[in-house]
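Structural overview for review
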Amino acid sequence: DRVRALLGQMASAPAAPGPAAPPRFARGIRVVRSDTAQAHLQIGFEPGCPLTSSRQRAALGFYSVVLGGSMSSRLFEELRERRGLCYSVESAAMVTAEAPCIQINAGLNNDHCIDAYKRMVETVNELATDKVPTREEVERARSYQLGGTVIACERTDAVASACVGQLFEYHEPPNPDTFLRALEDVSYEEVVAAARSVDPRPAVACVGNVSASDFEP
């Protein structure tokens, strides 16, 4: 009663504003000019596949590994090993509920920036059309994802982060075993469907001695 009486003396606060509208994927080109020898390039692509289940999210993760998520990926072998266009290149699947994205990051010489960028876009387009992931690539991605996830689950913070994502992003019961089962069970056809869903029109951000017009089609 004493607590109620004291709290009753406090002025009522205005109602909290409702949640902001979720961000949407926005294509565009943003360049920050920098007089340095190395450029930092980041490009994003919007996946069109649904991501409401762990299997769907796992399929998109496999696609990202095939694209540029490991040392046997297409971008790593093509841009770094074969052509020598990048110091580093990697991709990641950002599987947020509101604004999913396939993201490619690269560190490279300014002189190679545009050639590498064009080849990245071509590779995404190839994976969506006539050069879809092979079964061998998908199985390598499965081993890579399973191994990394099992090792990550040895850390309490990683397990907690995964559970929070399941609960708040997707309103699923928090259980990391669900995602591990999805990695084991997702089919080759599901990965190909995820690859075909990715729109090859990118959003571009770059810091380097290049111009925005260099990235225009």
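The coordinates are above.
This report concerns the structure included in the present document. (Residues numbered from 1 in each chain as written. Predicted model: local features only at pLDDT ≥ 70, side-chain atom pairs only at ≥ 80, totals over all residues. Heavy atoms only, no water.)

Notes on helix H5 (residues 135-152)
- Along its 18 residues, H5 runs 25 Å from first to last C-alpha, staying within 8% of the 26 Å computed at 1.5 Å per residue.
- All of the buried residues in H5 are Glu137, Val138, Ala141, Arg142, Gln145, Leu146 and Thr149. For H5, the angular spread of buried residues about the axis comes to 160°, placing them on one side. Opposite its buried face, H5 presents the exposed residues Glu136, Ser143 and Ile151, each directed more than 90 degrees away.
- At its buried positions, H5 is contacted by helix H2 (54-69), helix H3 (74-82), helix H7 (176-185) and helix H8 (188-197). (Helix = DSSP H or I, 4+ residues; strand = E, 2+ residues; numbered from the N terminus. Expected span 1.5 Å × (residues − 1). Buried < 20%, exposed > 50% of the residue type's maximum accessible area, 1.4 Å probe, protein only. Arc of directions from axis to C-beta. Contact = heavy atoms within 4.5 Å.)

Here we look at the packing of H5 against H7
- In contact at an axis separation of 9 Å, H5 and H7 are set at 165° when each is read in the N-to-C sense. Put simply, H5 runs roughly antiparallel to H7. Taken as a pair, H5 and H7 cross one another with a handedness that is left-handed. For the pair formed by H5 and H7, the contact residues are Arg142, Gln145, Leu146, Thr149 and Val150 on the first element and Phe179, Leu180, Leu183, Glu184 and Asp185 on the second. (Axes fitted to C-alpha atoms, helices over the stretch in contact; angles between N-to-C directions. Parallel < 35°, antiparallel > 145°, perpendicular 65-115°, else oblique. Left-handed = near helix turned anticlockwise from the far one by under 90°.)

Points about H3
- The complete set of buried residues in H3 reads Arg74, Leu75, Phe76, Glu78 and Leu79.
- Tucked inside the fold, the buried residues of H3 contact H2, strand S3 (88-94), strand S4 (101-109), helix H4 (113-128) and H5.
- Positioned one or two residues after H3, Gly84 has a phi angle of 65°, which is positive.

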